[in-house]
Amino acid sequence: DGTTASYDRLLLCTGSNPFMLPVPGRDLDGVIAYRDIADTTAMIEASTRYRKAVVIGGGLLGLEAANGLMRRGMEVHVVHVLPTLMERQLDAAAGYLLQKALEARGITVHCKGATKAILGHERAEAVLLEDGTVYGADLVVMAVGIRPETRLATDAHLEIGRGIVVSDQMV
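What comes next is a walk through the structure. Being a predicted model, the structure only gives us computed values, none of them experimental.

1. Some words on the overall build of the protein chain
A count of helices and strands for the protein chain gives four helices and ten strands. Shown N-terminal to C-terminal, the secondary structure of the protein chain runs as helices and strands in the order β-β-α-β-α-β-α-β-β-β-β-β-β-α. Dimensions of the protein chain along its principal axes, counting C-alpha atoms only, are 55 × 40 × 30 Å. Across the 171 residues of the protein chain, 37% fall into the buried class. In the protein chain, the share of contacts with a sequence separation of at least 24, taken over all contacts with a separation of at least 6, comes to 58%. Looking at the protein chain as shown, the accessible area adds up to about 10,600 Å², and 52% of this sits on carbon and sulfur atoms.

This is the structure we're talking about:
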């Protein structure tokens, strides 16, 4: 039924997948995640054809995407659900200073902004926030986190929580 193997150290390299907010419109053309070089290439290509971008997520990856798109000539809005940017790395004062620096570069920052829907017919046209704010968008980049890839562990009948549950016995 199962396989038993002894080991001194066990390393499971499972990778991860970008998280896409479960909002209406997330499957429209022009809505992408930001995780790898293919996503970067898609953003660069979009910046040659479109003018407005909304980046959902004010963490490191989201802000890197926003800065890159702005430097390629796009009008960029960053929507972040929490009160300050990069809250895992910065305290509130530093997050505020970062926001002001980005705004001085021409990036609009909307903190405490919960995404309600991505609007459009076949392609993204705008992002609607819970407070009613609407930002026009030809490109929507979701940089809202990752989830562990757990298929390997599931296939091996390991216990799964937010990731692979580990113990001294790995049962």
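2. Regarding the pairing of strand S6 (residues 115–120)
Here S6 runs beside strand S7 (residues 124–129); their pairing, made up of five bridges, is antiparallel. Bridging from a neighbouring strand, Thr115 pairs with Leu129 of S7. Here S6 folds back onto S7, and the loop between the two strands holds three residues.

Rules and cut-offs
- Throughout this document, residue positions are counted from 1 along each chain, in the order its sequence is written.
- For a predicted model such as this one, the threshold for reporting local features is a pLDDT of at least 70, and the threshold for listing and counting side-chain atom pairs is 80 or more; totals across whole chains, interfaces and linings nevertheless cover every residue.
- Each side-chain value is derived from all of the structure's non-hydrogen atoms; neither hydrogens nor water enter the calculation.
- Segments assigned H or I by DSSP are reported as helices when at least four residues long, segments assigned E as strands when at least two residues long, and all are numbered from the N terminus.
- The rule is simple: take the accessible area with a 1.4 Å probe, protein chains only, and divide by the maximum for that residue type; under 20% is buried, over 50% is exposed, in between is partly exposed.
- Note on contacts: a residue pair is in contact if any heavy atoms of the two residues lie within 4.5 Å.
- Exposure was quantified through the Shrake-Rupley algorithm and a 1.4 Å probe, taking into account, for residues, occlusion by the shown protein chains and nothing else.
- The rule for pairing is simple: two strands pair if DSSP sees at least two bridges between them.

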